[in-house]
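Below are the chains, spelled out letter by letter.
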Amino acid sequence: MAHIPAATLGNKNKKHFLGVPAPLGYVAGVGRGATGFTTRSDIGPARDANDVSYVFTSSSSQSLPQAPSESCNHTFSLHLFSDDRHAPPAAKRKKKEEEEEDDEDLNDSNYDEFSGYSGSLFSKDPYDKDDAEADAIYESIDKRMDEKRKEYREKRLKEDLERYRQERPKIQQQFSDLKRNLIAVSEEEWANLPEVGDSRNKKQRNPRAEKFTPLPDSVLSRSLGGESGTAIDGRSGLASMIPGVATPGMLTPSGDLDLRKIGQARNTLMNVKLSQVSDSVAGQTVVDPKGYLTDLQSMIPTYGGDINDIKKARMLLKSVRETNPYHPPAWIASARLEEVTGKLQMARNLIMRGCEQNPQSEDLWLEAARLQPPDTAKGVIAQAARRIPTSVRIWIKAADLETEPKAKRRVFRKALEHIPNSVRLWKAAVEMENPEDAKILLSRAVECCGTSVELWLALARLETYENARKVLNKAREKIPTDRQIWTTAAKLEEANGNNHMVEKIIDRALSSLSANGVEINRDQWLQEAIEAEKSGAIKCCQAIVRAVIATGIDEEDRKQTWIDDAENCAKEGAYECARAVYGYALSEFPSKKSIWLRAAYFEKNHGTRESLETLLQKAVAHCPQSEVLWLMGAKSKWLAGDVPAARGILSLAFQANPNSEDIWLAAVKLESENAEYERARRLLAKARASAPTPRVMMKSAKLEWALNNLDEALSLLEDAVKVFPEFGKLWMMKGQIEEQKQLLERAAESYNGGLKRCPNSIPLWLLLAALEEKRNLLTKARSVLERGRLKNPKNALLWLAAIRIEIRAGMKDMANTLMARALQDCPTAGELWAESIFLEARPQRKTKSVDALKKCEHDPHVLLAVSKLFWSERKLQKCRDWFNRTIKIDPDFGDAWANFYKFELQHGTEQQQQELIERCNAAEPKHGEEWCKVSKNIANWCFKTEDVLKAVVRHLPTPI
């Protein structure tokens, strides 16, 4: 028998299944009755319980036999599909950690019903372009699906919210019916309602309040009456009944209380108080019982500060006075401190001691005179005048203390004896005298004060013409560097009719001042000219302007500088100075049309009709090609009622400007305004033949339309739109005439044809939308306005028309939605903000107006809306102020004038109404929604500004 090695025997005894992977679905010990178990944390909630990947088995000594490996007794064994029991320990630990991480990611705590596990199952895989494209597709699908469900979701949310509000209303809504009932509560019932701190409920609120029991009469009669005993035993309990005699819980100093001594002590205390405020008369003490408290009040010092601060200030000022007694401010401060604290006599004593220490200080003497009563002050100031006879202030104070004019004059003359060179004293003395005596005084004054310009000029005003000339000549010799003497001389010559001397004097003044080294300041001389005009010296102011206007200006800056000078003079109200500046500028630049226009507008606003026509005659002579100047001249003649002269000016304008459209149309307007319709037709026919422009064609059709020749007007317009298809007003007129003839289909075709050629014409879009609304085609009208907004984005008028269509249709919610979109598209549109204010309920209008003013502070539509808001609240003065502000910002805004006039008709006087009409006529407004409805109506084509104003007012509603 062959020898078999031990290894071979060992291999033979080894089981065949060791090291072989377990078959699918194998559970250890299942044949012996052992049962394996799995959990959801192992397989997840969505996996089949039979598809087991991880199986945990529990082996014990009772139910499972011992496994082949000795280390498996009484432990949980994890059997995977691949047997790794023989793997190295490090590999086992690493694999175990990975399995634990997977278990943490896929357990129940990280699972969500809708989003799955919190961790990404594929986070370890790379994220490539295909993944990004797939995510984008899924995201777009999600958005699309969300948009489909959005309307239903919002509707569902709104219904739920309403249902919730109905089931659980707010406290405010629960008490709304009770609040409405408060209307019936009268003022007396309100007044009778008890306050929180009402004293009637005080006992109920404070049950622990101290209670007092009245003392019985028997005790008082026994204690104070016929019985000999006058004390109450403190231990008897009666003492506690008397308020203030005994306090509960406190020990009294003795067992008995003497009520008689208490009464005597009270009387003694009152006597002491009365003796403090009493006064002795003939040995008797007399007290006024009614004035007792008044006297006590008068003893209270008026200073309200801390008494310690007063003491400190006294000590400091006393130290200053003792250290340097010759320092006047220390004495003045000390006196004023005592004055403030009510010790007036001490203040007077201090200030007089200071005057003794410092007799040469005029401040101390003046302070002493102020503190003394009037009679004593005269003596103090007399003493001061003896000590300091050269102090002007002391003499002025002495004169002020006198009440009689004669005494004042005596004081001034005495002062002038001591101080003959004081201009202030001379002026004060002259003011007290009559003209004759003043003349004598001034003659002496100019001898003593030869360098005072005021005294020389005052003397010249009082003298006759010949003597005044001599006085001014002497003044020029004494003061050769002052310009006022020269200008006064020029005014003197002008006042006496010597106008030819004015120019010479001003020229000599400039030469003399320059020779004496005086710089010619242009601004100062222009200001002198303005002052001269205000004093009535017109020739003098003009001479000054002509003399200095070109001084110190560069050649290239002359035109603009002179225009600015003229405007500044006009702002100052110096119209003659401005006229002189324009005259000099036109003499230097005779062919500058801009200067002629500015001068013409100046004359129109501040001059007379004659001055304007004179200026315009000169203007057209120098600038014959300027059509505006010709038209201004013709209009001036026409407004004056001189129609032949206006025709003559226009004929001259035709000669200078042949085929000028403006002059043709002005001539047509002149004839039509004067009812010369045949002449106007002939002029328009000539104009169409010689200068066929869109405006000429439009005016031709408008004239026929105004004269009710609708067929002729339509014929002209049909020819015009063929020649000028890009001119939107022709299409508008054509459609309006067809509307007037009730040819609505043709009108719509005309508007659509115009919009094809003129898509940016906003009035055409509005007219077409109004026509569709008139035909009860609201959907079509909305479509028209939508198309208009696409063609013309950010246009407020189109948004406003759409909003008003919804309001007229009764769809307030849709109107509010459109308004919100419109304000987002046009955040600074005043028309929209003005409309939005009155779309709100009354309580919210004020807040909306504040928001509108923040966005459009200077927009006339917003200002008008705010004015109407104040009007509706009956704040009349604020309303008037805001109306004035509106027409000042935009005087061409006709709606503001019309609303203002309606307001004045209701709340103003006749004078205010007439003044407003005059202002409106001067402004000649042309724009505004309500204004244009009347002024552009062909039936009102002959209306003047006042007629349009009154017609608009008739159609305006009163704000509510």
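Provided above is the structure to which this section pertains.
Since this is a predicted model, take the numbers as computed values, not measurements. (Residues numbered from 1 in each chain as written. Predicted model: local features only at pLDDT ≥ 70, side-chain atom pairs only at ≥ 80, totals over all residues. Heavy atoms only, no water.)

1. Some words on the overall build of the protein
Right, so step 1: A count of helices and strands for the protein gives 50 helices and 8 strands.
Right, so step 2: Long-range contacts, defined here as pairs at least 24 residues apart, represent 49% of the contacts in the protein between residues at least 6 apart.
Right, so step 3: Per element, the accessible surface of the protein, about 60,500 Å² overall, is 52% carbon and sulfur. (Helix = DSSP H or I, 4+ residues; strand = E, 2+ residues; numbered from the N terminus. Contact = heavy atoms within 4.5 Å. Areas by Shrake-Rupley, 256 points an atom, 1.4 Å probe, with all protein chains shown as cover.)

2. Points about the pattern of salt bridges
Right, so step 1: In total, this model carries 48 salt bridges according to the counting rule given.
Right, so step 2: A salt bridge links Glu367 to Arg370, with the shortest nitrogen-to-oxygen separation between them at 2.5 Å. Highlighted residues: Glu367 and Arg370, both in helix 15 (residues 362–371), separated by 3 residues, approximately one helical turn.
Right, so step 3: Residue classification places Glu367 among the buried residues on the basis of a relative accessible area of 5%. (Salt bridge = Lys/Arg side-chain N within 4 Å of Asp/Glu carboxyl O. Buried < 20%, exposed > 50% of the residue type's maximum accessible area, 1.4 Å probe, protein only.)

3. As for the packing of helix 33 (residues 661–673) against helix 35 (residues 694–706)
Right, so step 1: The N-to-C vectors of helix 33 and helix 35 enclose an angle of 15°; their axes lie 10 Å apart at closest approach. Viewed along their axes, helix 33 and helix 35 adopt a mutual orientation that is roughly parallel. Seen from above, helix 33 lies across helix 35 with left-handed handedness. Contacts from Glu661, Asp662, Leu665 and Ser672 of helix 33 reach helix 35 at Arg695, Val696, Lys699 and Leu703.
Right, so step 2: Of the residues assigned to the contact of helix 33 with helix 35, the class counts are 3 nonpolar, 1 polar and 4 charged. (Axes fitted to C-alpha atoms, helices over the stretch in contact; angles between N-to-C directions. Parallel < 35°, antiparallel > 145°, perpendicular 65-115°, else oblique. Left-handed = near helix turned anticlockwise from the far one by under 90°. Nonpolar A, V, L, I, M, F, W, Y, C, P; charged D, E, K, R; others polar.)

4. Regarding a positive patch on the surface
Right, so step 1: On the surface, Lys669, Lys699, Lys702, Lys729 and Lys936 cluster together into a positively charged patch.
Right, so step 2: Within the secondary structure layout, Lys669 lies in helix 33.
Right, so step 3: Judged by its relative accessible area of 49%, Lys669 falls in the partly exposed class. (Patch = residues over 30% accessible without salt bridge, like charges linked within 9 Å, V, L, I, M, F, W, Y side chains within 5 Å. Lys, Arg positive; Asp, Glu negative; His and termini not counted. Charge placed at Lys NZ, Arg CZ, Asp CG, Glu CD.)

5. Looking at the nonpolar core
Right, so step 1: Counting 127 residues, the largest nonpolar core has Ile394, Leu425, Val545, Cys577 and Leu629 as its most contacted members.
Right, so step 2: Those residues within four positions of Leu629 in sequence are excluded, and the remaining contacts are Trp596, Leu597, Leu616, Ala619, Val620 and Cys623.
Right, so step 3: In this structure, Leu710, Ala834, Phe870 and Ile917 belong to the second largest nonpolar core, which totals 85 residues. (Core = buried A, V, L, I, M, F, W, Y, C linked by side-chain atoms within 4.5 Å.)

6. Side note on the packing of aromatic side chains
Right, so step 1: One pass over the structure, following the stated rule, counts 11 aromatic pairs.
Right, so step 2: A ring pair is formed by Tyr677 and Trp941, whose centres lie 5.9 Å apart and whose planes are at 45°; its orientation type is tilted. You can see Tyr677 sitting in helix 34 (residues 677–690) and its partner Trp941 sitting in the loop between helix 49 (929–935) and helix 50 (945–955), a full 264 residues away along the chain.
Right, so step 3: The exposure class assigned to Trp941 is partly exposed, which follows from its relative accessible area of 25%.
Right, so step 4: With centroids separated by 5.1 Å and ring planes inclined at 15°, the aromatic side chains of Phe883 and Phe900 adopt a geometry described as stacked. A residue pair is termed long-range when its members are at least 10 positions apart, and Phe883 in helix 46 (residues 876–889) and Phe900 in helix 47 (residues 894–907) qualify at 17 residues.
Right, so step 5: Lying over the aromatic face of Phe838, Lys868 brings its terminal NZ or CZ to 5.6 Å of the ring centre. (Phe/Tyr/Trp six-rings, centres within 6.5 Å; stacked < 30°, edge-to-face > 60°. Lys NZ or Arg CZ within 6 Å of the ring centre and 35° of its normal.)

7. Overview of helix 38 (residues 744–757)
Right, so step 1: An ideal rise of 1.5 Å per residue puts 20 Å on 14 residues; helix 38 measures up with 20 Å between its terminal C-alpha atoms.
Right, so step 2: Turning to helix 38, its buried residues number three or more, namely Ala747, Ala748, Ser750, Tyr751, Gly753, Gly754 and Leu755.
Right, so step 3: Buried residues in helix 38 make contact with helix 37 (728–740) and helix 39 (762–774). (Expected span 1.5 Å × (residues − 1).)

8. Thoughts on the side chain of Ser672
Right, so step 1: Tracing the backbone shows Ser672 in helix 33.
Right, so step 2: When neighbours within four sequence positions are excluded, Ser672 is seen to be in contact with Tyr677, Ala680, Leu703 and Trp941.

9. A word on helix 33
Right, so step 1: Between the first and last C-alpha of helix 33 there are 18 Å, a value that for 13 residues agrees with the 18 Å anticipated at 1.5 Å per step.
Right, so step 2: Looking only at helix 33, the buried set comprises Ile663, Trp664, Leu665, Ala667, Val668, Leu670, Glu671 and Ser672.
Right, so step 3: Considering only its buried residues, helix 33 is in contact with helix 31 (627–639), helix 32 (643–656), helix 34 and helix 35.
Right, so step 4: One or two steps after helix 33, the chain reaches Ala675, where phi turns positive at roughly 65°.

10. Comments concerning unusual backbone geometry
Right, so step 1: Even without being glycine, Asn708 reaches a positive phi, approximately 70°.
Right, so step 2: Residue position: Asn708 is located in the loop between helix 35 and helix 36 (710–723).
Right, so step 3: Judged by relative accessible area, Asn708 falls into the exposed class, the value being 54%.
Right, so step 4: The phi dihedral of Lys794 is positive, around 60°, even though this residue is not glycine.
Right, so step 5: Relative to the assigned elements, Lys794 resides in the loop between helix 40 (778–791) and helix 41 (796–808).

11. Considerations on the environment of Leu513
Right, so step 1: Its location among the elements puts Leu513 in helix 24 (residues 499–515).
Right, so step 2: Separated by 31 residues in sequence, Leu513 and Asp482 have C-alpha atoms that sit 7.7 Å apart.
Right, so step 3: Not counting chain neighbours up to four residues away, the residues in contact with Leu513 comprise Pro480, Thr481, Asp482, Arg483, Trp486, Val518, Ile520 and Trp525.

12. A look at the environment of Gly754
Right, so step 1: Residue placement: Gly754 occurs in helix 38.
Right, so step 2: When its relative accessible area of 0% is taken as the criterion, Gly754 is described as buried.
Right, so step 3: Distance from Gly754 to Lys729, taken between C-alpha atoms, is 8.9 Å for residues 25 residues apart in sequence.
Right, so step 4: Not counting the four nearest positions on each side in its chain, Gly754 is found in contact with Trp731 and Leu764.

13. Overview of the packing of helix 41 against helix 43 (residues 830–839)
For any two helices packed against each other, the geometry comes down to the angle between their axes and how far apart the axes lie.
Right, so step 1: Relative to each other, helix 41 and helix 43 sit at 20°, their axes nearing to 9 Å. In terms of orientation, helix 41 lies roughly parallel with respect to helix 43. Taken as a pair, helix 41 and helix 43 cross one another with a handedness that is left-handed. Each of Ala796, Leu797, Trp799, Leu800, Ile803, Arg804 and Ile807 in helix 41 lies in contact with helix 43, whose residues at this interface are Glu831, Leu832, Glu835 and Leu839.
Right, so step 2: Its residues assigned to classes, the contact of helix 41 with helix 43 shows 8 nonpolar, no polar and 3 charged.

14. Brief notes about the environment of Ala570
Right, so step 1: If you trace the backbone, Ala570 turns up in helix 27 (residues 558–571).
Right, so step 2: On the accessibility criterion, Ala570 (19% relative accessible area) is buried.
Right, so step 3: Separated by 32 residues in the primary sequence, Ala570 and Phe602 have C-alpha atoms spaced 8.6 Å apart.
Right, so step 4: When sequence neighbours within four positions are dropped, the list of residues in contact with Ala570 reads Tyr575, Ala578 and Phe602.

Read these as layout, nothing more, since geometry by itself doesn't imply function.
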